[in-house]
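Chains, contacts and geometry: an overview
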2 protein chains.
Amino acid sequence: MTDDLHATVATRLVADEQRYTANRRAVVEVLEAAERPLTIAEILDRRSLAQSSVYRNLVVLEQAAVVHRVTSTDEFARYELAEDLTEHHHHHLICATCGKVEDFTVAPALERTLENAMARVAAETGFQPERHRLDLVGTCATCGQD
Amino acid sequence: MTDDLHATVATRLVADEQRYTANRRAVVEVLEAAERPLTIAEILDRRSLAQSSVYRNLVVLEQAAVVHRVTSTDEFARYELAEDLTEHHHHHLICATCGKVEDFTVAPALERTLENAMARVAAETGFQPERHRLDLVGTCATCGQD
DNA sequence: CTCAGTGCAAAGGATTTGCATGCCG
DNA sequence: CGGCATGCAAATCCTTTGCACTGAG
């Protein structure tokens, strides 16, 4: 599974005329090991890398559709592996207090309903939807212990 | 309707021990006139106000539940009037290319399904959902004209 | 009079970029 | 060898803050 992942990443980078360097692999490994989207600071905590390289490589990886950028309520950008590189489609629980982002999934029936709604919107407006973002914003278990 | 709006805003601010000043009213009027969430720069374009006052007043207005902060794919924060001050609950079409945010609504049945899903997640995890965020990310009509 | 709100300018902090060096192809 | 990736440090840019001033109650 892991080998598959790196092979796929390499393919996507090559398709984008980019190399799969050691630093880029390091970033992918960190995100693979994480169970939730990580901030740049969290990536740097887990691997000793130059900050600017992480920023630059995340741009490259996002452009090659390897990683996905997630926005929370705070000012930090967070990154996760693209959904089609991991097991499945998921959504986010966003803590309005601390900004932490956790993953969750919903029933397939609801997903299908969402897809239908997206298609309808595309038909009614000039907007071309690529993906949907269903997040729950609230208070995480940790911040809720007051 | 407009008078109602300002009366409600005033009430919320008073409840938060804040005044409804001319600058704050100006911000509310700008957001009321807009048909989509606006960036700080867009607010400043529409009214001649000190940048710092806009930032500070948006903090106050958000805390009083008068305005709501929306995150897009770009680095600019966007603001809109709280949903319960305007006609109805809506979602956002977010352009991945230019960051622009437009409003849209979905069928009530889908909304109810979403509410149910939220309640289930709350029961299964320690997370306390306050609201949901269903956005469609894609390409807007303008950026799609290539 | 008092104190919150305002405006200007300077500071903060995440992110980006310039440039010299290193390394893959 | 040539060119992209890297790392350090400096620059950017959205946002926040310090401070003196104004105005509402």
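Coordinates for the structure precede this section.
A short tour of the structure in this document, coming up.

1. Things to note about the pattern of salt bridges
Residue and element names in this part refer to chain A. The final tally for this structure, using the stated rule, is 16 salt bridges over all chains. The shortest N-O distance in the salt bridge between Glu29 and Arg47 comes to 2.6 Å. In this pair, Glu29 sits in helix α2 (residues 22-33) while Arg47 sits in the loop between α3 (40-46) and α4 (51-63), placing the two residues 18 residues apart along the sequence. For Glu29, a relative accessible area of 25% translates into the label partly exposed. According to the relative accessible area criterion, Arg47 is partly exposed, its value standing at 32%. Through salt bridges with shared partners, a single network forms among Arg25, Glu29 and Arg47.

2. Focus on the sheet that holds strand β4 (residues 91-95) of chain B
A sheet is described by the order of its strands in space; here six strands give the open sequence β5(A)-β4(A)-β6(A)-β6(B)-β4(B)-β5(B), paired in mixed fashion. For this open sheet the edge positions go to β5 (101-104) of chain A together with β5 (101-104) of chain B, each flanked by a neighbour on one side alone. Shown here is a sheet whose adjacent strand axes are inclined to one another by a mean of 30 degrees, direction ignored. As paired elements, strand β4 (residues 91-95) of chain A and β5(A) share four bridges and run antiparallel to each other. By the bridge assignment, A:His92 is partnered in β5(A) with A:Asp103. Sheet strands in contact with helix α5 (residues 108-124) of chain A are β4 and β6 (128-139) of chain A together with β4, β5 and β6 (128-139) of chain B, and its direction is about 130 degrees off that of β6(A).

3. With respect to the nonpolar core
Counting 26 residues, the largest nonpolar core has A:Leu110, A:Leu114, A:Leu136, B:Leu110, B:Leu114 and B:Leu136 as the members making the most contacts within it. At the level of elements, β4, α5 and β6 of chain A together with β4, α5 (108-124) and β6 of chain B are the ones that each hand at least two residues to this core. Leaving out residues up to four positions away in the same chain, B:Leu114 has contacts with A:Leu110, A:Leu114, A:Leu134, B:His132 and B:Leu134.

4. Some words on the pairing of strand β2 (residues 67-71) of chain A
Residue and element names in this part refer to chain A. Most of β2 is tucked away, with four of its five residues classed as buried. Both β2 and strand β3 (residues 77-81) contribute to a ladder of five bridges, which runs antiparallel. What sits directly across from Val67, in β3, is Leu81. Turn length for the β2-β3 hairpin, with the two strands adjacent in sequence and antiparallel, is five residues.

5. Details of the packing of helix α1 (residues 2-15) of chain B against helix α2 (residues 22-33) of chain B
Angle between the axes and distance between the axes are the two parameters that describe a pair of packed helices. All names here are of chain B. Contact geometry for α1 and α2: axes closest at 11 Å, N-to-C directions at 135 degrees. Relative to α2, the element α1 lies oblique. Where α1 crosses over α2, the two elements pack in a sense that is right-handed. Here α1 contributes Thr2, Leu5, His6 and Val9 to the contact with α2, which in turn contributes Arg25, Val28, Glu29 and Glu32. A class-by-class count of the residues in the contact of α1 with α2 yields three nonpolar, two polar and three charged.

6. Some details on the sheet that holds β3(A)
All names here are of chain A. A sheet is described by the order of its strands in space; here three strands give the open sequence β1-β3-β2, paired in antiparallel fashion. The open sheet has two free edges, formed respectively by β1 (38-39) and β2, since each of these has just one partner strand. Of the strands in this sheet, β1, β2 and β3 touch α2, which is tilted by about 85 degrees from β3.

7. Regarding unusual backbone geometry
Of note in the backbone geometry, A:Ala65 takes a positive phi value of approximately 60 degrees without being a glycine. Owing to a relative accessible area of 39%, A:Ala65 belongs among the partly exposed residues under this scheme.

8. What about the relation of the copies chain A and chain B?
The pair of chain copies shares a relation made of a rotation about an axis and a shift along it. When chain A is fitted to chain B, the residual RMSD is 0.2 Å, and the transformation amounts to a turn of 179 degrees plus an axial shift of 0.0 Å. Taken together, these values place the two copies in the relation of a two-fold axis. Taking C-alpha positions as reference, the residue of chain A nearest the rotation axis is A:Leu134, located at 2.2 Å. Both copies contact each other with a shared surface, as 100% of the interface residues of chain A are interface residues in chain B too.

9. Quick notes on the interface of chain A and chain B
Across the contact, 33 residues belong to chain A and 33 residues belong to chain B. Roughly 2,900 Å² is buried in total at the junction of chain A and chain B, and carbon and sulfur atoms are behind 65% of that figure. Its largest share of buried area at the contact with chain B, chain A owes to A:Phe127, A:Arg133 and A:Val137, together 25% of the area lost on that side. In this structure, A:Asp135 engages B:Arg133 in a salt bridge whose closest nitrogen and oxygen atoms are separated by 3.0 Å.

Thresholds applied
- Residues numbered from 1 in each chain as written.
- Chains lettered and ligands numbered in written order.
- Predicted model: local features only at pLDDT ≥ 70, side-chain atom pairs only at ≥ 80, totals over all residues.
- Heavy atoms only, no water.
- Salt bridge = Lys/Arg side-chain N within 4 Å of Asp/Glu carboxyl O.
- Helix = DSSP H or I, 4+ residues; strand = E, 2+ residues; numbered from the N terminus.
- Buried < 20%, exposed > 50% of the residue type's maximum accessible area, 1.4 Å probe, protein only.
- Pairing = 2+ DSSP bridges.
- Axes fitted to C-alpha atoms, helices over the stretch in contact; angles between N-to-C directions.
- Contact = heavy atoms within 4.5 Å.
- Core = buried A, V, L, I, M, F, W, Y, C linked by side-chain atoms within 4.5 Å.
- Parallel < 35°, antiparallel > 145°, perpendicular 65-115°, else oblique.
- Left-handed = near helix turned anticlockwise from the far one by under 90°.
- Nonpolar A, V, L, I, M, F, W, Y, C, P; charged D, E, K, R; others polar.
- Least-squares fit on C-alpha atoms with pLDDT ≥ 70 in both.
- Buried area = accessible area lost by both parts, 1.4 Å probe.

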